Every structure is written in structure tokens, then in C-alpha cells.
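# Structural overview for review
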Amino acid sequence: MNALSIVAVCASLALAACGTGNQVRVGSDGRPLPQVYRISGAQEAKIPFRLLDSVNALRAAKGAGPLQFNAQLNAAAATHSRDMSVQNRPWHFGSDGSSPLDRVGRVGYTGRLVGENISETFETELETLSAWMSEADTREIIMDPQAREIGFAWFQEPTGKIWWTMVTGG
């Protein structure tokens with residue numbers, strides 16, 4: 001009988017190992033808890049181009065010209081993403097009171113600021129882009145036909161929270 005118990009335990013462990021491991025965790029309200037999107041070193045170089053390709057596909061579908069990355073706008077976006085994390089709030093003003101216009105000026109951008117989109121989330125860059133596209137004011141910044149350049153950056157906290165910033169200019 002002892003051998004039968006060992007076989008049963010082994011069979012149970014074998015079946016348990018067959019699980020997917022992708023079980024959805026549910027909060028006290030019965031809704032799925034957000035899953036943390038962890039940005040790995042291998043993904044870091046791909047994220048900006050996935051976003052840019054998606055933005056340009058959306059713009060092309062509406063007849064707007066493509067955007068290209070601008071290093072100065074990228075720098076302004078990176079500074080603001082980190083600063084939002086320090087402040088622990090998603091808003092368009094820096095901890096020093098700076099506006100998006102101030103920040104692009106500080107990095108030497110000489111073009112015209114079109115707009116800035118920000119987000120505090122645990123979602124991917126494409127989920128964040130989708131959220132921006134679902135709101136009229138943030139969609140207008142992405143789709144503005146006068147925009148020619150884009151800056152995009154993020155800061156991910158150890159908890160997994162991501163602070164995304166997109167800046168467009170023309």
C-alpha cells in the first residue's frame with residue numbers, strides 16, 4: 001500500500017507540472033489583476049521602433065506623413081519619464097515646474113512642439129498607444145499632420161510600473 005501511495009503522489013506531481021503557469025490572478029473585486037510587463041535588456045532597443053512603426057501605420061491610414069525620431073525629443077521624453085516617477089504622478093509639469101515646452105527647449109530642440117502624451121501603467125508600449133488613440137486629445141497629438149518628429153522614452157520602476165512619455169514636434 002505504501003508503494004501505491006508513492007505512485008499516487010508522483011502522478012499528482014506530474015499532472016501539476018503540466019499546468020500552463022499562466023493562471024490569471026483575480027482581485028477581491030473579481031476582476032483580473034494587472035500583469036506586470038517587465039522590460040528586458042533585449043527588448044529595450046526594440047520598443048521604440050515597435051511604437052514608431054505603429055504610430056506611422058496609424059498616421060498613414062489617415063493620410064498623415066510619417067514621423068521620425070529626434071534625439072533631442074527622445075532626451076526630453078526620457079527626462080520627463082524619470083521625473084514623473086520621482087513625483088509619483090502622471091502630469092505634464094516637471095518637479096521644477098517645467099512645462100513640455102520648457103523641456104524641449106532645454107535639450108536644444110529648435111522645432112515647434114506639437115504635444116506630449118504621458119502614461120503611468122503596467123502595460124506595454126502598444127497597449128499604451130492604444131489607450132492614447134482611444135482618447136481624442138491624445139489621439140490628436142499622435143495624428144497631427146503638422147508633426148514630423150517624435151521623441152519616446154520610459155522609466156520602469158522596480159515594481160514594474162512604467163512611466164511612458166511621447167513628445168511630437170514639427
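Rules and cut-offs
Residues numbered from 1 in each chain as written. Predicted model: local features only at pLDDT ≥ 70, side-chain atom pairs only at ≥ 80, totals over all residues. Heavy atoms only, no water. Salt bridge = Lys/Arg side-chain N within 4 Å of Asp/Glu carboxyl O. Helix = DSSP H or I, 4+ residues; strand = E, 2+ residues; numbered from the N terminus. Pairing = 2+ DSSP bridges. Contact = heavy atoms within 4.5 Å. Axes fitted to C-alpha atoms, helices over the stretch in contact; angles between N-to-C directions. Buried < 20%, exposed > 50% of the residue type's maximum accessible area, 1.4 Å probe, protein only. Parallel < 35°, antiparallel > 145°, perpendicular 65-115°, else oblique. Nonpolar A, V, L, I, M, F, W, Y, C, P; charged D, E, K, R; others polar. Phe/Tyr/Trp six-rings, centres within 6.5 Å; stacked < 30°, edge-to-face > 60°. Lys NZ or Arg CZ within 6 Å of the ring centre and 35° of its normal. Core = buried A, V, L, I, M, F, W, Y, C linked by side-chain atoms within 4.5 Å.

### What to know about the pattern of salt bridges
Within this structure, the stated rule accounts for 4 salt bridges. Linking Glu-125 and Arg-50 is a salt bridge whose minimum nitrogen-to-oxygen distance equals 2.7 Å. Of the two residues, Glu-125 is situated in helix 6 (residues 125-133) and Arg-50 in helix 3 (residues 47-61); the sequence distance between them amounts to 75 residues.

### So, the sheet that holds strand 3 (residues 149-156)
Taking strand neighbours across the sheet as the criterion, the 4 strands line up as 1-3-4-2 in an open arrangement whose pairing is mixed. Where the open sheet ends on each side, the last strands, each with one partner, are strand 1 (68-69) and strand 2 (113-121). With respect to the sheet, helix 3 is in contact with strand 1, strand 3 and strand 4 (162-169), its orientation differing from that of strand 3 by roughly 135°. Contacts from helix 4 (residues 71-87) reach strand 1, strand 2, strand 3 and strand 4 within the one sheet, and its direction differs from that of strand 3 by about 30°.

### As for unusual backbone geometry
One non-glycine residue, Asn-88, adopts positive backbone phi at about 55°. Along the chain, Asn-88 turns up in the loop between helix 4 and helix 5 (100-106).

### A few points about helix 7 (residues 136-143)
Among all positions in helix 7, only Thr-138, Ile-141, Ile-142 and Met-143 are buried. Where the residues of helix 7 are buried, they touch helix 3, strand 2, helix 6 and strand 4.

### Focus: the packing of helix 6 against helix 7
Remark: helix 6 packs on helix 7, axes separated minimally by 6 Å, with the N-to-C direction vectors making an angle of 110°. The orientation of helix 6 relative to helix 7 falls into the category roughly perpendicular. Where helix 6 approaches helix 7, its residues Leu-129, Trp-132 and Met-133 are matched on the opposing element by Thr-138, Arg-139, Ile-142 and Met-143. When grouped by side-chain class, the residues that make up the contact of helix 6 with helix 7 number 5 nonpolar, 1 polar and 1 charged.

### Overview of the packing of aromatic side chains
Under the criterion given, the structure shown has 5 aromatic pairs. Ring pairs connect the aromatic residues Phe-152, Trp-154 and Trp-164, which therefore count as one cluster. It is Arg-89 that lies over the ring of Trp-91; its NZ or CZ is 3.9 Å from the centre.

### Regarding the pairing of strand 2
When you tally the buried positions in strand 2, you get 8 out of 9 residues, the bulk of the element. Note that strand 2 and strand 4 share 8 bridges and pair antiparallel. Along strand 4, the bridge assignment pairs Glu-120 with Trp-163.

### Re the nonpolar core
If you look at the biggest cluster of nonpolar residues, it comprises 20 residues, and the most contacted ones within it are Leu-129, Ile-142, Phe-152, Trp-164 and Met-166. Counting only elements with at least two residues in this core, the list comes to helix 3, helix 6, helix 7, strand 3 and strand 4. With 4 residues, the single largest contributor to this core is helix 3. The residues contacting Leu-129, other than those within four sequence positions of it, are Leu-51, Ser-54, Val-55, Leu-58, Ile-142 and Met-166. Membership of the second largest hydrophobic core comes to 8 residues, among which are Leu-73, Val-104, Tyr-109 and Val-167.

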